[in-house]
Amino acid sequence: MSTATTQALADLATAARLITSATAALSDPGIAPGHAACFGILAEQLGAAQARAQIHVAHAVRRSGAHKLDQPSLQAVAQAGADPSLSNLAAAEGQTTAGRTAFRSARSFLQDWLDIPRSAAHDRLIQADCLIGGVDEAGQPLAPWLEELAADFAEPAIDPRLVAATALKLHSTRKDLPDGAAGAEQKQRLQSDARALIHSEPKSARKHIADMVAQVKAGKRPLKALLDEVGLFRRGTRRGLIEYILRVLPSQAAVIEAHFARTGNPATQAGDRQGLQEAEAAFTGDPGEGWDDEATKPDWAREGNTGPPGPDPGAGPDSEPAPDSEPAPGADAEPDTEPEVEARPVEPAPAWEDLKPERRRLIGLMALLLKDHRASEDHQANDGTSASRAGLATAQVSIILDYEKMLSGAPRYAVSSSGLAFSPGELRAAMCNAGIFPVILNGQSLPLDLGRTQRLFTKAQGRAIRAAYRGCAYPGCAMPVERCELDHLDAWENGGCTDIHSASLCCPVHHVERHCGLFHAVKIPGCRPMVLLSPDLDPEQQLRINTYFMTPDEALAAEELAQRMTAQWRAGQLEMEIVDP
């Protein structure tokens, strides 16, 4: 009998009871806001600890052979779980049997005894293989498959949930890696890049790691093999809905993403919320307001008159008088002391902005599919509104080409503003079919610096800034570039200039937050602007770049640049300016 493990199990049972009682107390509606924030921090720490423990459970069950416990041992374990006293826990050590067992494997034990979903049990065993180690057929321990990530998993300061999810992603490439030394080298490179992303920018790490895995699985597949799998596939009917699967090339996906960005932007005609709501009514049969146009609305519902409808002028003699009308001659007036009847509040319909973006995208796509039909109707009606209908977005895709990579013969040297990498063939096709706006970063092809001659940025400047930065400057923000605002880092009212080197890009939320001083932009000569977060969010005070819309390779290069600039700043070797709000 192991006294240490018995006491550890007793401590775990005590911790579970303490968590339950603390959660009940901290769920008080009158909790102080600071205590609510502390509650959140501690709960997330407990969640991280629990995630680490769950993977260790899977490893312990398999390593110890717990699925081979005999029936009396299983009953003792159940008794210890219901009443975790020291005596019950000591009696729950159990014995395994060489005969017929209740569970075929560790996964079966996790699923059927602990009621863990099958997929979760499977994933935890894989994560245990990658981060703790496996067991061979003879029951001997094996080293973890991802040794560097295993060290991060054991580090208490690192969130094990992100490390575990990364291990699961990398493990999915196991069959796609080549054999021998080449496969080991590629696995090591994947692991090192994934660790660098986890340590530098955890908010964007999941996206970039998923992209890296997708690149490995795609490999160097020829275009013909890709074209054989693209298409729109009808999956069937499920829960009253028709499901489709759409598989497209990256160049086609860039157009779709650009269309979605326009439809999701309420500042564009295509993203007009009221127009999209009316367009949805045409598909769903929801009458909306109930009137076809302004002329069919009753007087009380027209603009400028929001009062309720009065009595019908043609009502019969038994109809009730209007509330403000005088009583009929000879009628007794109602006393002033009559109690008022409280009207039942009408719950407002959900705002269109609060609905899921997937639903808005569908309406935009349906409007696009029906564009020709509606355009012909508009032409017959001669109202000229076919080009400005809600949902009909003109997709504009920005493609950034790395000239040096192209000359060196790199397999991928072009990327869209949404972070999708293009093959050389897709790039050539796009250049043949697109309107070309030459945007040369760090070049002089366009007059992009206006000094004090103009207050607002020009379209050429905006196009160049959006092509260079691709999205909001705040680390981890996923707001697309189409919905971001150009930001003067040199305040115009203080004599600042409308120049490219003094411009940044922020979504509406983070634009306001910067001017409120919640974080700072940092100007560095010859380099893109960076961000310095507040000490409570970033105790290490690192200069940061938002890499969300970059490819994994670009993200790693950007993080390396940020780390190098941070080191130079701390050493007093960097000329930089922390911009005032």
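- The chain is annotated in an unreviewed UniProt entry as HNH endonuclease from Glutamicibacter halophytocola.

**Focus on the overall build of the chain**
(1) Moving on: Helix and strand content of the chain: 20 helices and 11 strands.
(2) Moving on: Considering only contacts within the chain whose residues lie at least 6 apart along the sequence, 60% involve residues at least 24 apart.
(3) Moving on: When the accessible surface of the chain is split by element, carbon and sulfur atoms take 55% of a total near 36,100 Å².

**Regarding helix H10 (residues 202-218)**
(1) Moving on: If you check H10, its first and last C-alpha atoms are 25 Å apart, about what 17 residues at 1.5 Å a residue would give, namely 24 Å.
(2) Moving on: Along H10, the residues classified as buried are Ser204, Ala205, His208, Ile209, Met212, Val213 and Val216.
(3) Moving on: Contact partners of the buried residues in H10: helix H8 (160-171), helix H9 (180-200) and helix H20 (552-570).
(4) Moving on: Following H10 by one or two positions, Gly219 adopts a phi angle in the positive range, close to 60 degrees.

**What to know about the packing of H9 against H10**
(1) Moving on: Running from N to C, H9 and H10 point in directions that differ by 160 degrees, and their axes come no closer than 7 Å. In terms of their interaxial angle, H9 and H10 are classed as roughly antiparallel. Crossing geometry of H9 relative to H10 is assigned as right-handed. Across the interface between the two elements, Gln186, Leu190, Asp193, Ala194, Leu197, Ile198 and Ser200 from H9 touch Pro202, Ala205, His208, Ile209, Met212 and Val216 from H10.
(2) Moving on: Counted by class, the contact of H9 with H10 contains nine nonpolar, three polar and one charged residues.

**Quick look at the side chain of His67**
(1) Moving on: Locating His67 in the fold gives a position in the loop between helix H2 (33-64) and helix H3 (71-82).
(2) Moving on: On the basis of relative accessibility, which here comes to 12%, the residue His67 falls in the buried class.
(3) Moving on: Here His67 is in contact with Thr101, Phe103, Arg104, Ser105, Ala106 and Phe109, once residues within four sequence places are set aside.

**Let's talk about the confidence of the model for the chain**
(1) Moving on: For the chain, the average pLDDT comes to 79, and 77% of its residues sit at 70 or higher.
(2) Moving on: Confidence drops under pLDDT 50 across residues 306-350; counting only partners more than four residues distant or on other chains, this segment forms six contacts.
(3) Moving on: Segment residues 443-447: pLDDT under 50, and three contacts once partners within four positions in sequence are set aside and those in other chains are kept.

**Some points on the sheet that holds strand E11 (residues 577-578)**
(1) Moving on: Spatial strand order, E10-E9-E8-E11: four strands in an open sheet with antiparallel pairing. Of all strands in the sheet, those with a lone pairing partner are strand E10 (543-544) and E11, marking the two edges.

**A closer look at the packing of aromatic side chains**
(1) Moving on: According to the stated counting rule, one finds five aromatic pairs in the structure shown.
(2) Moving on: Taken together, a centroid distance of 5.3 Å and an interplanar angle of 85 degrees make the contact between Phe103 and Phe109 edge-to-face. For the residue pair Phe103 and Phe109, the accessibility class agrees, reading buried in each case.
(3) Moving on: An angle of 80 degrees between the planes, with centres 5.1 Å apart, marks the rings of Tyr548 and Phe549 as edge-to-face.
(4) Moving on: The class for Tyr548 is partly exposed, based on a relative accessible area of 23%.

**Let's talk about the layout of surface pockets**
(1) Moving on: Roughly 1,700 Å³ of internal volume is contained in the second largest pocket.
(2) Moving on: Along the walls of the second largest pocket sit 38 residues, with Leu9, Leu12, Ala53, Val57 and Leu114 positioned nearest its centre.
(3) Moving on: For the lining of the second largest pocket, the elements supplying multiple residues, two or more each, are helix H1 (3-26), H2, H3 and helix H5 (106-112).
(4) Moving on: A total of 11 residues in the lining of the second largest pocket trace back to one element, the largest contributor, which is H2.
(5) Moving on: Here the residues of the lining of the second largest pocket sort into 26 nonpolar, 10 polar and two charged.

**Considering the pairing of strand E1 (residues 231-238)**
Regular strands have side chains that alternate between both faces of the sheet.
(1) Moving on: Bridge count between E1 and strand E2 (residues 241-247): seven bridges; the pairing is antiparallel. The residue bridging Phe233 from the neighbouring strand is Ile245, located in E2.
(2) Moving on: Connecting E1 to the antiparallel partner E2 that follows it, the hairpin turn spans two residues, and Arg239 within it adopts a positive phi of roughly 55 degrees.

**Topic: the sheet that holds strand E5 (residues 421-422)**
(1) Moving on: In space, the three strands of this open sheet follow the order E3-E4-E5, with antiparallel pairing throughout. Every interior strand has two partners, whereas the edge strands, strand E3 (399-401) and E5, have only one.
(2) Moving on: In this sheet, strand E4 (residues 414-416) lies alongside E3 in antiparallel orientation, the contact comprising three bridges. When the bridges of E4 are listed, Leu401 appears paired with Ala414.

**Topic: the pattern of salt bridges**
(1) Moving on: Applying the stated criterion across every chain, the model contains 14 salt bridges.
(2) Moving on: One salt bridge connects Glu554 with Arg470, and the closest N-O pair in it is separated by 2.9 Å. Of this pair, Glu554 sits in helix H20 while Arg470 is found in the loop between helix H18 (459-469) and strand E6 (485-488), placing the two residues 84 residues apart along the sequence.
(3) Moving on: Arg470 gets classed as buried once you look at its relative accessible area, which sits at 8%.
(4) Moving on: Salt bridges linked by common partners bring Glu44, Asp159 and Arg161 together as one network.

**Re the nonpolar core**
(1) Moving on: Residues Leu131, Leu170, Ile209, Ile524, Met530, Leu543 and Met565 are the most contacted members of the largest nonpolar core, which totals 40 residues.
(2) Moving on: Those elements that provide at least two residues to this core are helix H6 (118-131), helix H7 (147-153), H8, H9, H10, strand E9 (530-533) and H20.
(3) Moving on: Looking at which element gives the most residues to this core, the answer is H20, with six residues.

**Some thoughts on helix H19 (residues 508-515)**
(1) Moving on: Of the positions making up H19, those classed as buried are His510, His511 and Arg514. The buried residues of H19 occupy an angular sector of 110 degrees when the element is viewed end-on, so they sit on one face. Turned more than 90 degrees away from the buried face of H19 sit Val509 and Val512, all of them exposed.
(2) Moving on: In the core, the buried residues of H19 are packed alongside E6, strand E7 (503-506) and strand E8 (519-523).
(3) Moving on: A positive backbone phi angle near 80 degrees is found at Gly517, which sits one or two residues after H19.

**Section: empty space enclosed by the protein**
(1) Moving on: Tallied over the full model, the rule gives three cavities of 30 Å³ or more.
(2) Moving on: Every residue lining the largest cavity is listed: Tyr469, Gly471, Cys472, Ala473, Ser504, Leu505, Arg528, Pro529, Ile545 and Asn546.
(3) Moving on: Considering only residue class, the lining of the largest cavity consists of six nonpolar, three polar and one charged.

**Notes on unusual backbone geometry**
(1) Moving on: Here the phi dihedral of Asp115 falls at roughly 60 degrees; this positive angle occurs in a residue that is not glycine.
(2) Moving on: When its relative accessible area of 64% is taken as the criterion, Asp115 is described as exposed.
(3) Moving on: A positive phi angle, close to 55 degrees, is found at Gln541, a residue other than glycine.
(4) Moving on: Position of Gln541 among the secondary structure elements: in the loop between E9 and E10.

About the criteria used
- Residues numbered from 1 in each chain as written.
- Predicted model: local features only at pLDDT ≥ 70, side-chain atom pairs only at ≥ 80, totals over all residues.
- Heavy atoms only, no water.
- Helix = DSSP H or I, 4+ residues; strand = E, 2+ residues; numbered from the N terminus.
- Contact = heavy atoms within 4.5 Å.
- Areas by Shrake-Rupley, 256 points an atom, 1.4 Å probe, with all protein chains shown as cover.
- Expected span 1.5 Å × (residues − 1).
- Buried < 20%, exposed > 50% of the residue type's maximum accessible area, 1.4 Å probe, protein only.
- Axes fitted to C-alpha atoms, helices over the stretch in contact; angles between N-to-C directions.
- Parallel < 35°, antiparallel > 145°, perpendicular 65-115°, else oblique.
- Left-handed = near helix turned anticlockwise from the far one by under 90°.
- Nonpolar A, V, L, I, M, F, W, Y, C, P; charged D, E, K, R; others polar.
- pLDDT = per-residue confidence, 0-100.
- Pairing = 2+ DSSP bridges.
- Phe/Tyr/Trp six-rings, centres within 6.5 Å; stacked < 30°, edge-to-face > 60°.
- 1 Å grid on protein atoms, 1.4 Å probe; cavity = no way out; pocket = protein on both sides within 12 Å on 5 of 7 lines; lining within 4 Å.
- Points joined across faces, edges and corners; volume = space filled by probe spheres on them.
- Salt bridge = Lys/Arg side-chain N within 4 Å of Asp/Glu carboxyl O.
- Core = buried A, V, L, I, M, F, W, Y, C linked by side-chain atoms within 4.5 Å.
- Arc of directions from axis to C-beta.

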